[in-house]
Structures are given as structure tokens and as C-alpha cells.
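One-letter residues, chain by chain:
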Protein chains: 2
Amino acid sequence: MNDIKAEKQFLDYVKKMTSYNEAIGLMYWDLRTGAPKKGVEQRSEVIGMLSTEVFKMSTSQEMAAYISKLTPLADSGDLCEVTSKTLSECKKEYDRNKKIPQDEYKEYVILQSKAESIWEDAKAEDNFSLFQPYLEKLVEYNKRFIEYWGYEGNKYNTLLDMYEPGVTVEIIDKVFDQLRESIVPLVQQIAESNNKPNTSFLSQYFPKEAQRKLSLELLERLGYNFDAGRLDETVHPFATGLNPGDVRITTNYDEHDFRTAVFGTIHECGHALYEQNISDKFIGTLLCTGTSMGIHESQSLFYENFVGRNFSFWKKNYELLKEFSTGQFDHVSLNEFYQAINESKPSLIRIEADELTYTLHIMIRYEIEKGLFNGEIEVKDLPEIWNKKYEDYLGIRPESDAKGVLQDVHWSGGSFGYFPSYALGYIYAAQIKQAMLKDIPNFDVLLEEGDLLPVKQWLTEKVHQFGKSKKPLEILQDVTGEGLNAQHLITYLQEKYKNIYKL
Amino acid sequence: MNDIKAEKQFLDYVKKMTSYNEAIGLMYWDLRTGAPKKGVEQRSEVIGMLSTEVFKMSTSQEMAAYISKLTPLADSGDLCEVTSKTLSECKKEYDRNKKIPQDEYKEYVILQSKAESIWEDAKAEDNFSLFQPYLEKLVEYNKRFIEYWGYEGNKYNTLLDMYEPGVTVEIIDKVFDQLRESIVPLVQQIAESNNKPNTSFLSQYFPKEAQRKLSLELLERLGYNFDAGRLDETVHPFATGLNPGDVRITTNYDEHDFRTAVFGTIHECGHALYEQNISDKFIGTLLCTGTSMGIHESQSLFYENFVGRNFSFWKKNYELLKEFSTGQFDHVSLNEFYQAINESKPSLIRIEADELTYTLHIMIRYEIEKGLFNGEIEVKDLPEIWNKKYEDYLGIRPESDAKGVLQDVHWSGGSFGYFPSYALGYIYAAQIKQAMLKDIPNFDVLLEEGDLLPVKQWLTEKVHQFGKSKKPLEILQDVTGEGLNAQHLITYLQEKYKNIYKL
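Remember, predicted model here, so these are calculated numbers, not experimental data. (Residues numbered from 1 in each chain as written. Chains lettered and ligands numbered in written order. Predicted model: local features only at pLDDT ≥ 70, side-chain atom pairs only at ≥ 80, totals over all residues. Heavy atoms only, no water.)

Q: Teacher, can you tell me more about the UniProt feature "active site" (unreviewed entry) in chain A here?
A: Residues and elements named next belong to chain A. Taken from the UniProt record, the annotation "active site" (unreviewed entry) applies to E268. Position of E268 among the secondary structure elements: in helix α10 (residues 258–276). By relative accessible area, which is 8% here, E268 ends up buried. (UniProt positions renumbered as here; feature names shortened; annotations may be inferred. Helix = DSSP H or I, 4+ residues; strand = E, 2+ residues; numbered from the N terminus. Buried < 20%, exposed > 50% of the residue type's maximum accessible area, 1.4 Å probe, protein only.)

Q: Help me understand the state of the cysteines, please; the structure alone is not making it clear to me.
A: Counting across every chain of the model gives zero disulfides over all chains. The thiol sulfur of C80(A) is not disulfide-bonded, and the nearest other cysteine sulfur, from C90(A), lies at 13 Å. (Disulfide = S-S within 2.5 Å.)

Q: Looking at this structure, how should I read the interface of chain B and chain A?
A: Think of interface size as the accessible area that goes away when the parts come together; that is how it is often given. Taken together, the contact pairs 36 residues of chain B with 36 residues of chain A. When chain B packs against chain A, close to 3000 Å² is buried across both sides, 54% of that on carbon and sulfur atoms. On inspection of chain B and its partner chain A, the count reaches 12 salt bridges. Its salt-bridge partner being E22(B), residue R43(A) comes within 2.8 Å of it at the nearest N-O pair. Here chain B is connected to chain A by 21 residue pairs in polar contact (both at pLDDT 80 or more). (Contact = heavy atoms within 4.5 Å. Buried area = accessible area lost by both parts, 1.4 Å probe. Salt bridge = Lys/Arg side-chain N within 4 Å of Asp/Glu carboxyl O. Polar contact = N/O pair within 3.5 Å; in protein donor to acceptor, adjacent residues only side chain to side chain.)

Q: I tried to follow the packing of aromatic side chains on my own but got confused; where do I start?
A: The relative placement of two aromatic rings is captured by the distance of their centres and the angle of their planes. Scanning all chains against the criterion turns up 74 aromatic pairs over all chains. Ring plane angle 25 degrees and centroid distance 6.5 Å describe the contact between W411(B) and F416(B), whose orientation is recorded as stacked. Side by side, W411(B) and F416(B) carry an identical accessibility label, which is buried. Above the plane of the ring of Y134(A) lies K137(A), whose end atom (NZ or CZ) is 5.5 Å from the centre. A cation over an aromatic ring shows up here: R144(A) above the ring of Y141(A), its NZ or CZ 4.7 Å from the ring centre. (Phe/Tyr/Trp six-rings, centres within 6.5 Å; stacked < 30°, edge-to-face > 60°. Lys NZ or Arg CZ within 6 Å of the ring centre and 35° of its normal.)

Q: Teacher, can you tell me more about the sheet that holds strand β3 (residues 246–251) of chain A here?
A: Sheet strands associate in pairs through backbone hydrogen bonding, adopting either a parallel or an antiparallel arrangement. Residues and elements named next belong to chain A. Read from one edge to the other, the open sheet built from three strands follows the order β1-β3-β2, with strand pairing classed as mixed. Strands with a single pairing partner mark the edges of an open sheet, and in this sheet they are β1 (231–233) and β2 (239–243). Within this sheet the neighbouring strands show an average axis-to-axis angle of 25 degrees, counted without direction. Two elements, β2 and β3, share four bridges in a ladder whose sense is antiparallel. Counterpart to T240 in the pairing with β3 is R248. Across the sheet, helix α1 (residues 3–33) touches β1, β2 and β3, and the angle it forms with β2 is around 145 degrees. (Pairing = 2+ DSSP bridges. Axes fitted to C-alpha atoms, helices over the stretch in contact; angles between N-to-C directions.)

Q: How do you make sense of the relation of the copies chain B and chain A when you look at a structure like this?
A: Turning one copy of the chain about an axis and sliding it along that axis gives the other copy, so a rotation and a shift relate them. Laying chain B over chain A is done by rotating through 180 degrees and shifting 0.0 Å along the axis; what remains is an RMSD of 0.0 Å. Seen this way, the second copy is the image of the first under a two-fold rotation axis. Using C-alpha coordinates, one finds that chain B approaches the rotation axis most closely at A23(B), a distance of 3.2 Å. Residue by residue, 100% of the interface of chain B is reproduced at the interface of chain A, so both copies engage with the same surface. (Least-squares fit on C-alpha atoms with pLDDT ≥ 70 in both.)

Q: What am I meant to see in helix α4 (residues 81–99) of chain B here?
A: Because an α-helix packs 3.6 residues into every turn, residues spaced three or four apart end up facing the same way. All names here are of chain B. Taking 1.5 Å of rise per residue, the 19 residues of α4 would be expected to cover 27 Å, and the 27 Å separating its terminal C-alpha atoms lies within 8% of that figure. All of the buried residues in α4 are V82, T83, T86, L87, E89, C90, Y94 and N97. The buried side chains of α4 occupy one side of the element, clustering within an arc of 165 degrees when seen end-on. (Expected span 1.5 Å × (residues − 1). Arc of directions from axis to C-beta.)

Q: Even after reading the chapter, I still don't get the UniProt feature "binding site: Zn(2+)" (unreviewed entry) in chain A, so can you show me in this structure?
A: Residues and elements named next belong to chain A. Mapped onto this structure's residue numbering, the UniProt feature "binding site: Zn(2+)" (unreviewed entry) falls at H267, H271 and E297. Spanning 31 residues, the named residues nonetheless gather at one spot, since no C-alpha pair among them exceeds 8.8 Å. Here H271 lies in helix α10. Given the relative accessible area of 12%, H271 is considered buried. When neighbours within four sequence positions are excluded, H271 is seen to be in contact with A239, H296, E297 and S300.

Q: Just to check I follow, could you spell out the side chain of R180(A) for this structure?
A: All names here are of chain A. The topology assignment puts R180 in helix α8 (residues 169–192). Only 2.6 Å separates the side chain of R180 from the side chain of E367, close enough to count as a polar contact. Among all residues touching R180, those that are not within four sequence positions of it are P185, M363, E367 and Y393.

Q: When you look at unusual backbone geometry in this model, what are you seeing that I'm missing?
A: Trans peptide bonds make up most of the peptide bonds, and negative phi angles are found at most residues other than glycine. Residues and elements named next belong to chain B. The phi dihedral of D126 falls on the positive side, at around 50 degrees, and the residue is not glycine. With respect to the secondary-structure elements, D126 resides in the loop between α5 (102–125) and α6 (128–149). The class for D126 is partly exposed, based on a relative accessible area of 35%.

Q: Help me out: how do you make sense of the pattern of salt bridges in this one?
A: Side-chain pairs of opposite charge can arise whenever the charged atoms involved come near each other. As enumerated under the stated definition, the model contains 78 salt bridges over all chains in all. One salt bridge connects K496(B) with E355(B), and the closest N-O pair in it is separated by 3.1 Å. On the criterion of sequence distance, the pair formed by K496(B) in helix α20 (residues 487–500) and E355(B) in the loop between α13 (334–341) and α14 (358–373) is long-range, its members being 141 residues apart. Per residue, the accessibility class of K496(B) equals that of E355(B), and both read buried. Each member of the salt-bridge network shares a partner with another, and the members are E22(A), D246(A), R248(A), D30(B) and R43(B).

Q: Teacher, can you tell me more about the domain arrangement of chain A here?
A: Residues and elements named next belong to chain A. One can read the domain layout of chain A as domain 1 (3–99) and domain 2 (200–345 + 449–478). Measuring from the centre of the C-alpha atoms in domain 1 to the corresponding centre in domain 2 gives 29 Å. Domain 1 puts 16 residues into the contact, and the matching count from domain 2 is 20 residues. Between domain 1 and domain 2, roughly 1700 Å² of surface is buried when both sides are summed, and carbon and sulfur atoms account for 61% of that area. By the criterion of area lost to domain 2, the three top residues of domain 1 are W29, R32 and E89, representing 36% of everything that side buries. Taken together, the connections running from domain 1 to domain 2 amount to two salt bridges. Residues E89 and K468 are paired through a salt bridge, measuring 3.6 Å at the closest nitrogen-oxygen approach. Scanning the region where domain 1 abuts domain 2 turns up three residue pairs in polar contact (both at pLDDT 80 or more). Elements with a minimum of two residues in the side of domain 1 that touches domain 2: α1 and α4 (81–99). (Domains from an automatic or database assignment.)

Structural data, given as C-alpha cells:
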């Protein structure tokens with residue numbers, strides 16, 4: 001096999017994997033948007049079969065042969081960028097999967113699926129002790145995996161690296177400390193403020209069909225390309241990029257809280273714009289997706305908060321909202337509306353948290369995970385530690401584990417190291433916004449005028465087009481000229497909330 | 001490899017093929033119901049990749065090994081029925097695909113795709129000579145394939161067998177002769193009749209959304225299981241069985257002809273009931289689908305005509321139709337309505353033909369195909385032969401080839417032997433109806449009462465449950481106690497149309 005032939009065969013091989021993944025992606029989308037319930041069991045088997053196939057391909061002898069044949073060529077610069085970076089993704093996955101003894105991995109997969117179902121029961125019954133032995137085992141397995149995989153510096157780094165390559169405990173500790181020091185007192189000030197926004201009109205009846213039409217119109221205005229996507233309804237909203245020409249959004253309509261659909265749709269639109277604008281040259285490779293969970297979240301949060309919760313945006317779009325609503329905003333001024341949708345209030349549930357308090361929820365989970373993997377915290381103590389931290393950071397204490405330590409699904413599936421990316425998304429977004437202002441100083445004016453094209457184009461040029469071909473911190477450095485820096489988020493939040501709550 | 005292990009591995013292997021097919025089926029459904037256009041090209045590649053995989057599996061050395069290992073066991077009755085019949089399906093496909101030299105097959109695939117696009121142009125330009133050389137080549141290739149595959153009796157039998165196993169030229173000639181002798185004069189009598197139904201109200205405005213709701217309600221009444229399916233909109237309606245728990249229907253709404261959606265939906269419902277009620281024991285094998293194109297069509301036509309164009313059915317459902325319409329039926333009696341939806345009029349286009357004249361369109365195509373493969377007809381003479389036959393059988397002559405010999409897509413894709421199944425579906429349906437009347441003599445009363453459950457249950461017991469585990473003529477024999485017999489269809493059509501046209 002000569003080099004050129006090997007490269008071509010490798011790319012064909014990877015393309016086959018991505019084809020399977022595209023089929024799997026469509027089946028997931030379908031399951032979550034309207035597949036008939038009697039077909040679900042069989043469809044899940046099909047998904048399982050195809051997923052197994054992809055896994056087998058990623059760890060096959062054929063893959064091993066490609067890696068050993070092509071790595072020297074990549075190292076000597078004899079492969080094009082796309083092949084070389086795809087190869088490095090494949091190698092990373094191959095190593096990760098091969099380093100765990102097969103039997104141990106099988107046991108772990110069974111444990112995961114068992115633990116998820118036990119977690120559901122434990123949450124429903126508000127009984128942490130049911131879940132505790134499973135969580136202990138999940139942590140043990142992951143500790144062993146870290147040993148297999150190896151680590152640099154902190155053991156927890158190996159888990160973080162799976163979701164946010166290059167971001168370490170050292171980096172996160174620094175920015176989270178900074179954030180906490182600024183946000184905790186701000187949250188307290190807000191709690192004591194007498195200038196609370198009136199929010200009574202938020203929960204008035206807003207018919208679903210009108211919300212759907214409004215969502216479609218907002219997507220259009222944000223620059224979402226309907227020739228390369230569609231909007232559907234689901235229970236838990238998501239965006240899914242099947243390929244850059246087919247990036248679908250789902251949303252959920254709550255007839256007594258229009259914010260669910262409006263901000264949910266804008267959020268998913270941010271994810272979708274990322275996937276729609278990845279360069280075509282990455283199609284069929286492992287690089288044709290967002291580079292990390294945190295950068296992905298930075299794009300959704302950019303649109304949700306820096307655009308969607310911006311006063312200028314509503315200056316343009318408030319009339320539109322009114323047109324579709326049934327009169328609930330008739331006597332609400334734009335200013336009152338803006339303040340209401342930016343209400344901040346400590347809450348127990350992460351997914352219901354507002355822009356200001358959200359990162360505090362993440363810090364709590366981060367500190368716990370870090371403690372678990374460094375042997376400083378034991379699973380049995382989690383409920384108490386959790387509740388104490390909520391009291392310290394948010395000033396409220398869960399009255400049950402169901403609304404406390406049992407609230408999130410992540411740990412039950414063995415996903416440790418995932419949570420921090422949510423907060424990193426906020427930090428990245430604020431840094432990116434700051435950088436954007438240098439090129440687009442009239443950002444707010446554009447929003448007022450409804451001209452969002454330059455914003456989308458800027459993000460495409462700086463972030464979207466690269467897909468996974470640049471690492472998260474590389475993108476951040478190239479776009480902003482600096483590393484991770486929480487100061488921009490802090491400044492933004494302080495200015496915004498001091499203004500709203502007249503602090 | 002011991003026998004039991006070999007059987008299990010074979011079934012797993014086949015299950016993987018059916019899993020790929022299910023994924024492909026969903027992707028096709030998605031492409032035709034709302035996939036964004038920019039994603040189509042890439043999605044088609046994914047479909048192509050997965051289809052190639054299934055083809056490879058069906059002709060692999062592994063498959064050959066299963067066939068040679070298990071066939072003796074099947075022959076000695078040592079395999080269960082499901083395995084044994086699945087094996088025989090696999091063997092049939094393996095032989096068919098392996099007997100054609102690989103290079104020749106590749107050339108043929110290229111020719112097919114080229115011919116389809118040329119046919120589109122030829123039809124648009126109304127220019128048969130453009131298409132003629134391609135059609136000649138397609139016929140030549142298929143003649144050679146027949147030699148490779150072998151044939152018994154008439155050469156054309158080999159092509160017929162692909163769509164309707166066991167049905168030969170000898171059988172078809174007999175029933176088509178019978179049909180032609182009865183229908184041609186009946187069509188002439190109708191043309192001369194002075195009792196033509198008033199159809200002016202059929203084309204009045206009927207809003208799409210109302211048609212959609214009506215379609216949903218009709219499906220419910222017919223016994224379609226929405227827990228195992230869904231209704232969507234498309235340009236060319238179809239039903240697709242992904243598995244028995246997920247059988248989807250699509251329909252098309254013409255706001256100036258409600259019949260398109262109403263009878264289209266009922267037709268597809270017939271197909272869907274078949275697929276929804278195949279026994280679960282066939283899931284994951286090649287037997288989990290309708291046994292032949294003709295039997296499938298018999299189910300859709302049974303519902304479309306014997307139920308949906310039945311007076312008793314509308315006695316029950318005419319009020320429902322009126323509720324959803326915008327008043328166009330207010331002054332139309334049930335009897336007038338019934339006569340209008342059963343209007344019969346010779347037309348040039350097959351897919352627009354009515355129940356009475358439809359089989360004549362098929363006979364013309366059948367006679368031509370038979371002549372082509374027996375060397376009695378040459379491609380260059382097709383336009384003239386076609387037009388002559390339309391004049392003889394239907395009393396009308398196409399004024400253009402676009403509305404004549406170029407109207408159907410089938411030949412351009414190399415599908416010869418497919419057309420007769422459409423007419424066989426009519427004949428089967430009438431025979432099945434006759435047999436049903438012995439068990440359900442109060443058929444019309446049930447329709448009047450809207451109680452369609454016994455009808456569905458009877459069809460499930462006699463036809464649906466078996467999937468592909470019984471051959472078409474085996475089902476026919478078991479259900480009706482006889483072979484193919486056109487007399488029941490003739491009697492039905494004569495009685496019905498003599499009554500409507502007062503002949």
C-alpha cells in the first residue's frame with residue numbers, strides 16, 4: 001500500500017464512520033420528535049447496532065494499521081491538514097478505547113445503563129442511598145480509567161480533557177475563584193435589592209401555535225438557514241448537526257411561559273449556526289462538528305444572552321413578540337419587559353437558573369467532582385456537601401436530594417468532567433463578545449436595526465468555519481489574543497445587573 | 001462451527017442487514033417529508049454507502065458460507081421455519097446478484113442512472129427518440145440477465161418472478177384475456193351512456209388543514225394504529241414499513257380535488273395495515289414485509305375500492321366529510337356523491353385512471369414488455385404500438401409521447417415485469433373480498449355501522465400476519481381455495497358500473 005493510497009483509504013474509512021453517525025443522528029432526532037412509540041424498541045436496537053459498528057471501526061486492526069502507517073507521515077508534514085487532524089482525532093479515540101481492558105469496559109457499560117435506571121428511581125423516591133453504591137462504583141471505574149489513560153498534574157484533568165481539550169484544573173480553579181468572588185456578593189446584593197422587576201405578565205397564556213410562528217420568525221431574523229435545517233417540537237430541546245446542510249433545531253412550547261420557547265430557540269439557534277457554517281471541506285471527516293462542548297455552548301450562550309437578552313435586540317423585536325401574543329404585553333413598556341426577562345433569583349435547579357447564577361451551579365459540581373477524583377470527598381457525603389455549598393454560594397438550601405444532588409442525569413451515565421464546559425461556555429462567550437466589539441463597535445446598533453448578518457459572518461470567520469480543526473484554547477487565543485479570562489464575563493454581569501437592579 | 005451456532009450467526013448477520021435497511025428506510029422517508037434541501041446531497045451519499053453495505057453483505061463470502069452450511073439442514077427439515085425461509089430469500093438474492101458478471105452489473109447501474117435522467121428530458125421535450133437508444137440498451141441488458149438467471153417457459157417469466165414469485169405469462173395471459181373481453185365493452189357502454197354522474201362539486205375548494213384532519217379521522221376509523229405510525233405530507237404519497245411498530249403514511253393535499261388525499265390516504269392505509277400487522281416473530285428477518293408487490297397492492301386496493309368507494313362506507317362517513325368541508329356537499333345527496341366518486345372515464349394517464357379502466361393501462365404495458373423480451377416487438381416501434389393499443393382498449397389516442405409511452409418512470413430504471421403486479425392487485429383484492437364474504441356476510445352492514453375491526457382482523461389472520469413467509473399464490477390459495485381468477489373482479493365491476501351508469 002503506497003502512501004497516497006493509504007491516505008485515501010483512511011479517509012474513505014473515516015467517511016464510512018461519519019456516514020453511520022449521520023444515520024444514527026437522524027434516528028435520534030426522529031425518536032425525539034415524533035417516532036411512533038411502538039417502533040422505539042426496535043429502532044433503539046438499530047441505533048445500538050450501528051453504534052457498535054462505529055465503535056468497532058474506531059478500534060479495529062484496520063484503524064490501528066492506518067494510525068501506524070500514517071502517523072509518521074503526519075509528523076513529517078507529508079499529509080494535508082484535514083487528514084492529519086482527522087488522524088489525530090482517530091488516534092486519540094483509539095487509545096482511549098483500547099487502553100481499557102475489554103472485559104472491564106463491558107462491565108462498565110452494563111453498570112452505566114443500570115445506574116441510569118437506578119438514578120431515576122432514586123430521584124423519584126428522593127432516596128440518595130439507593131443511588132450511592134452505583135455512584136461509588138462509577139467513580140471507582142473512572143478512577144481506574146484515569147490510571148489506564150494516564151494523567152498530567154491533577155488526575156481530574158484526564159476527565160476534563162475529554163470535553164474541553166487543553167483546559168486543566170489549574171486553569172479552571174483560577175477563573176472559577178475569580179467568578180465566585182464577584183458573583184456571590186452580586187447575588188446577595190440583588191437578593192437585598194428593593195428594585196425587583198415586575199414579572200407577573202411572563203406567565204400569561206401564549207398559544208403554542210403563535211409561539212411556533214414567533215420562533216420561526218426569530219430564527220429567520222437571527223440568520224438561521226431554513227434551507228439547511230428545520231424547527232420541530234420536543235420535550236428536551238436540542239440542536240443536531242447531521243451535516244452542515246442539515247442542522248435541525250427543536251424547541252418546547254410552554255403556554256404559560258413563552259420564555260421557554262423563545263430563549264430555548266435562540267439558544268439552539270446559536271448551536272445550529274455553528275454547525276451550519278462549518279467549512280464544507282470537513283464533511284465526511286471527524287472534524288465536521290463543533291470543537292468542544294464549551295465552545296459550542298459559547299455560541300448558544302452568545303445568542304441567548306448577548307443577543308437574545310440584550311435591550312437593543314428587543315428594541316427591534318418587541319413589536320414582533322406583541323403581534324404574536326394575545327395582549328399580555330399591551331401595558332408593559334420595553335424597559336419593564338427587558339428587566340423581567342433578565343430577572344435573577346437564586347434557585348435550586350441548574351437548568352432553570354438565570355444567566356447570573358448559572359455558573360455558581362456549575363462551580364458546585366466542579367468542586368465536588370474534583371474532590372471525588374482526588375480522594376478528598378467521598379460519595380456518601382455528597383448530599384451534605386451539596387446542600388452546604390448551595391447555602392454558601394446561592395443562599396438557599398435544598399429541602400430534598402431530588403432537588404439537590406440527584407437533580408442531574410450526568411453522573412448516573414458516568415459523565416464526569418462534563419459540567420465545567422457549561423460555565424466555560426459563558427466565559428468564552430464574554431471573551432468572544434469583547435473581541436467582536438473591536439471589529440463591530442456598533443454591535444448594539446446592528447441589533448436595534450435587526451441587522452445580524454455581520455455578527456453571524458464574524459463568528460463564522462473566527463469560530464464556526466474551523467469545526468474541530470482547531471482546539472478550544474487555540475480558537476480562544478486566535479480570536480481574543482488571550483487565554484481563558486473570566487474578567488470579561490464578570491464585567492458584563494456586574495454592569496448589566498447593577499443597572500437592572502439599580503445597585 | 002456447529003449447526004446451532006451457525007444458525008444463530010446467520011440470523012444475527014441477517015438482522016444486521018435489516019437494521020441497515022431500517023436506517024435507510026427512515027432516511028428515505030425523511031428525504032421525502034421535509035429534509036432540508038441543502039442536506040440532500042450528503043444524505044444521498046450516506047444512503048448509497050449503507051445500501052452498498054447491504055448489497056455487499058448479501059453477496060459476501062460469509063453469506064455464501066451460511067448458504068452452503070445451512071441449506072442441507074433446511075432441506076432435511078432441521079431448521080425452524082423462520083430461518084429456513086429467510087435462508088431461501090437470501091439464497092435467491094445471492095444467486096440473482098452473483099450470476100451477473102460484476103463488470104456488467106456496474107455498467108448497468110451507470111446506464112440506469114443515466115437513462116432515468118435522459119427519460120426525464122425526453123418526457124419534458126416530448127421526444128421519444130432521445131430515450132430510444134437507452135431503452136434499447138436497458139432491454140438488451142435485461143435480456144442477457146435473463147440468460148444468466150435462466151428461465152422456465154417464457155423468458156419474460158424470469159422478470160415477472162422478481163415481483164410476483166410464481167406468477168407466469170401463462171397465468172397472466174389467461175386472466176388478462178378474460179378481463180379485457182369484459183372490460184373493453186363495458187367501458188364502451190359507459191362512454192355511450194346518458195346517465196353520467198354530476199361531478200362539478202368534486203373540484204371545489206377544500207382547505208388543506210381540513211383535509212389533513214379528515215384524513216387523520218378516516219385513518220382512525222379504518223383501524224390504522226397511530227401508536228405504530230404517523231401521517232405526513234409529501235408530493236408522491238407512499239407508505240413505508242420500517243418495522244411493524246413504525247409504519248408511516250404520507251399523503252398529498254390538492255385543495256381543488258379532495259379525492260387525492262382522501263382516496264390516497266385510504267389506499268396507503270391499506271398498505272400500512274399490512275405492514276403493521278405482520279407477526280413480530282419475523283422482525284429482524286427478510287420475511288418482515290409484504291410478500292409481493294401484487295399482494296401489497298391487493299391490500300391497498302381492497303381498502304381504497306372495496307371499502308373506500310363503497311356506498312355503505314359513505315353512508316357512515318359522508319357526514320364526517322361534510323363537517324370538514326366548506327359546504328360544497330350541502331346540496332349533494334349521498335347517492336350523487338357516491339356516483340361522482342365512482343365516475344369512470346377513459347384517460348391517457350395510468351396514475352389518474354379509475355378503478356374500471358386501470359387494468360387496461362396495465363395490460364397494454366404487459367403486452368409490450370412480453371413482446372420486447374420475446375423478440376416480437378422492437379423498441380423503435382413502441383410509440384406507434386402504444387398509441388394503437390390505447391385506441392383499441394380505451395378508445396382514445398395520445399396526442400403526444402409524453403402522455404403516451406413516455407409517461408411512466410419504470411422502464412427508465414430498468415424495471416420490467418413490475419407493471420403486471422398492479423393489475424394482479426385488483427384481481428387478488430376481488431378474490432379476497434369474495435372469500436371474506438363467506439366469513440363476514442354482513443360486510444356492508446359493518447361498513448354502514450363503521451365497525452371495521454372484523455375486516456382488519458380477518459385480513460390480519462388470513463394475509464398480514466404471514467409477511468413474506470408465504471408466497472403470493474400460496475396466500476391466495478389458502479385464503480380463497482383457488483388460483484388466480486379474474487372472474488370475481490369482472491363480476492364486481494360489471495355489477496357496480498351497470499348500476500351506476502344504469503346500463
